[in-house]
Structures are given as C-alpha cells and as structure tokens.
Amino acid sequence: GRSVSQTKMAALHVLFAALVAVSVALPQPNAFDPVKVAEEFINLGAVNHDPRTQNCQTYANLFTSDGILHSPGVPDAQGSDSLIKSCQASHDLVNPLISFQLTNINVTSWNSEKRTAFQWVINGVRTRDGQNVNANAISCLFQDPQGVIETAWSFYDETILQGGERLADPFNASKVLTMYTNLGNTGNQHSQHDCNAWASLYMDDGISQEPGMPPQQGMDQLLALCERRAARWSDLVPSVQMVLPVQSWNTEKRVAAAWTVSGVAKNGQTYVSHAITMLLLDPSMKIQQSWDFWDTNSLPPI
C-alpha cells in the first residue's frame, strides 16, 4: 500500500484541485464587466439605478487620468476635473436620472484593447420645467485592456434634455447609413452589392475598424473588405432601428446607428446579429473613420 506521506500528498493534490475549481467558478473582483461599466456611465456614477447615489467622482474614475468624453453640443471633456464638471452639468439638466440600457455589445479588438457600444435611454425629470424626459442615446467606449475608458463618444439629441424643439436629421445621415449597411446599394437589391459605391462613402484615406481585424485604410483595402462581407451572403437584409446624428460644437459631423445584420448566408443558414456602428464624417459627408460593433460568432463564416 501507499505510505502515509504518499496518502497525505494525494489528499493535498485533491484539495488544491478543489480550491482551483472554486476560484475559477467564483467571479473575480476585478473582472471586466461591460454592462456594469455602461450602467455607471449612463447613470453618472450611481449604483443600481439609484439616483440618490449619483457620484461624479465615481463617474470620472471610469476613465483613465487623461480620458476624453465627446458629448453632443459641448466641447470635449478631458481629465478628471473636466469630466466631473461635465457630469455635474448633465446632472443639472436631468434630476433624478434613471437611465437604462437596451443593447450592450462588447468587442475585444485585434490588439487586445476593449471597446463597448450600447443603446440606451436617458430617462428622468428635466429640471428646466419638471417634465418627464426620455431620449434615445448610443454611446461607444474605447477602453484599455483592463476596461478603463480612454475615449467615450455619446450620441443623443441634446435639445430634448434642454426643453427645446427636437432636431430633425441635420445632415441626412440616414442616406449614408442605408448605403453603409446595404454594402453600397440603396436597400432594395438584397442579393446585389456595389462595393465601389460602398468604398466611395469614405475619404481616400478613410479607415474602417471592424471587430477582430486590424484597421483597413484606403480604397484598395476598403474595397476588399466590402467584397469579403458581401461574399458571406446570398441575401443581405439589414434593418436600421435608430440613427442618431450629431453636429458637434465645432461643426464636425458624426453619427451612430443601432441596426441588425440579418440575411441568408451562402451556406443556406439564416443569421441575425445586433450591431452598432459609429461614423466620423468630414464636412462633405465622407467617412473619415468607421467603427463597427457586433458579435463575430453570430455572423456567417468568411
């Protein structure tokens, strides 16, 4: 039989294996939680949607020390002090604030950076007139490998929060989104794509940033990217649910859209995937940069 020391060693191995299994099963205290980060972001640092716990220092701590916030209608906020002031200004517009998410899409990029896009609703009471307010919103967070925000972009109609007239589409962004999501056609040719037209939506040195691959820049790479996307589908029938254009304080144009990638792939299977896209545009409406957010595992294989 085994010696006492061998029996003790075997028991220790079993105990160690059990401890490892428990440690893997338990949530890690510093594990990245994209939904929780987004909840604190949209509720200005509040915990569990409780507006009494709103805390602009907690909000600023979601960012790196030199993190940047791009919000509609106001100059960018950078660094802790500026982010706290921006948070307080938002709190002054809507109080109490109880915002909630509709869709959250987290992407780990090709170089291990994290980014999160989510569709949400700004919900609460407008302080200017005491009226209930709700405004559709989309935010895109670009994060370091630990999930701390380096840059945040938010899209919503700020006039709703201020009590003014709702803005119409100020620069016909819907047309660009229709051609973008339909790979160059205008939405009525589900099995035909125009990749030359799609690539021409961009500036000559425009950049596309799609989940799981390095940035694609310039007409040749953009054309090849579109052709790879088109090759997946027999019929592509995308559905755009929300378009939020923003003309920023310095007249730059940008737009975010929540949409659904759907269609029948070349393998005969049907695929449906939630998506969010952000476009930065030049004054002539050409795309300078695009970012797409979707689950690559929910799309047809290339």
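## Section: the layout of surface pockets
- Estimated volume of the largest pocket: approximately 450 Å³.
- Among the secondary structure elements, those contributing two or more residues to the lining of the largest pocket are helix H2 (34–42), helix H4 (80–93), strand E3 (94–97), strand E5 (114–126) and helix H5 (158–162).
- For the lining of the largest pocket, the leading source of residues is H4, giving 5 residues.
- Its residues assigned to classes, the lining of the largest pocket comprises 18 nonpolar, 6 polar and 1 charged.

## Points about the side chain of Ser273
- Examined against the element boundaries, Ser273 turns out to sit in strand E13 (residues 270–281).
- A polar atom in the side chain of Ser273 sits 2.7 Å from the side chain of Ser298.
- Filtering out sequence-adjacent residues up to four positions away, Ser273 remains in contact with Trp259, Thr260, Val261, Trp294, Asp295, Ser298 and Leu299.

## Section: the pattern of salt bridges
- Tallied over the entire structure, the rule returns 5 salt bridges.
- Arg126 is paired through a salt bridge with Asp129; the nearest N and O atoms lie 2.9 Å apart.
- Residue classification places Arg126 among the buried residues on the basis of a relative accessible area of 12%.
- We classify Asp129 as partly exposed; its relative accessible area is 39%.
- For Asp292, the salt bridge identified is with Arg229, shortest N-O distance 2.8 Å.

## Some thoughts on the nonpolar core
- Counting residues in each nonpolar core, the largest one holds 33 residues, and the members touching the most others are Trp198, Val261, Leu279 and Ile287.
- Beyond its immediate sequence surroundings of up to four residues, Val261 is in contact with Trp233, Leu236, Tyr271, Val272, Ser273, Ala275, Trp294 and Leu299.

## A short note on unusual backbone geometry
- In the segment running from Asn95 into Pro96, the intervening peptide bond is cis, with an omega of 5°.
- By secondary structure assignment, the location of Pro96 is in strand E3.
- Look at Leu44: it is not a glycine, yet its phi comes out positive at around 55°.
- Here Leu44 is to be found in the loop between H2 and helix H3 (56–60).
- On the basis of relative accessible area, Leu44 is assigned to the buried category, the value being 6%.
- For Leu183, which is not glycine, the phi dihedral falls at a positive 55°.
- Within the secondary structure, Leu183 is located in the loop between helix H6 (173–181) and helix H7 (195–199).
- Accessibility expressed as a relative area gives 3% for Leu183, which makes it buried.

## Some thoughts on the state of the cysteines
- Taken as a whole and assessed by the stated rule, the structure comprises 2 disulfides.
- Two residues share a disulfide in this structure: Cys56 and Cys87, whose sulfurs sit 2.1 Å from each other. Because the sign of the S-S torsion sets the handedness, a value of about -80° for the bond joining Cys56 and Cys87 places this disulfide among the left-handed ones. Here the residue Cys56 occupies a position in helix H3, and Cys87 occupies one in helix H4, the gap between them amounting to 31 residues. Taken individually, Cys56 and Cys87 each receive the classification buried, so the pair is uniform in this respect.
- Through a disulfide, Cys195 is tied to Cys226; the S-S separation comes to 2.2 Å. Of note, the bridge from Cys195 to Cys226 carries an S-S torsion of about -80° and is left-handed in sense. One end of the pair, Cys195, is in helix H7; the other, Cys226, is in helix H8 (residues 219–231), and 31 residues separate them in sequence.

## Here we look at H4
- With 14 residues, H4 extends 20 Å between its outermost C-alpha atoms, agreeing within 8% with the 20 Å of an ideal straight helix rising 1.5 Å per residue.
- For H4, the full list of buried residues reads Leu83, Ile84, Ser86 and Cys87. One side of H4 carries all its buried residues, which in axial view fall inside an arc of 160°. Exposed residues pointing more than 90 degrees away from the buried face of H4 are listed as Asp81, Lys85 and Asp92.

## As for the pairing of strand E7 (residues 149–155)
- With 6 of 7 residues buried, E7 is to be regarded as a mostly interior element.
- Sheet topology places strand E6 (residues 132–143) next to E7; 6 bridges connect them, and they run antiparallel. Residue pairing for E7: Ile138 is matched across the bridge by Phe155.

## As for the packing of aromatic side chains
- Counted under the stated rule, the structure contains 10 aromatic pairs.
- Look at Phe142 and Trp291: their rings are 5.1 Å apart centre to centre, the planes differ by 65°, and that puts the pair in the edge-to-face class. Within this pair, whereas Phe142 is found in strand E6, its partner Trp291 is found in strand E14 (residues 287–293), the two being separated by 149 residues in sequence.
- Residue classification places Phe142 among the buried positions, given a relative accessible area of 14%.
- Judged by its relative accessible area of 9%, Trp291 is buried.
- Stacked on the ring of Phe293, the Lys or Arg Arg115 has its end atom at 5.6 Å from the ring centre.
- A cation over a ring is seen here: Arg254 above Phe155, with NZ or CZ 5.6 Å from the ring centre.

Reading the values: the criteria
Residues numbered from 1 in each chain as written. Predicted model: local features only at pLDDT ≥ 70, side-chain atom pairs only at ≥ 80, totals over all residues. Heavy atoms only, no water. 1 Å grid on protein atoms, 1.4 Å probe; cavity = no way out; pocket = protein on both sides within 12 Å on 5 of 7 lines; lining within 4 Å. Points joined across faces, edges and corners; volume = space filled by probe spheres on them. Helix = DSSP H or I, 4+ residues; strand = E, 2+ residues; numbered from the N terminus. Nonpolar A, V, L, I, M, F, W, Y, C, P; charged D, E, K, R; others polar. Polar contact = N/O pair within 3.5 Å; in protein donor to acceptor, adjacent residues only side chain to side chain. Contact = heavy atoms within 4.5 Å. Salt bridge = Lys/Arg side-chain N within 4 Å of Asp/Glu carboxyl O. Buried < 20%, exposed > 50% of the residue type's maximum accessible area, 1.4 Å probe, protein only. Core = buried A, V, L, I, M, F, W, Y, C linked by side-chain atoms within 4.5 Å. Disulfide = S-S within 2.5 Å. Expected span 1.5 Å × (residues − 1). Arc of directions from axis to C-beta. Pairing = 2+ DSSP bridges. Phe/Tyr/Trp six-rings, centres within 6.5 Å; stacked < 30°, edge-to-face > 60°. Lys NZ or Arg CZ within 6 Å of the ring centre and 35° of its normal.

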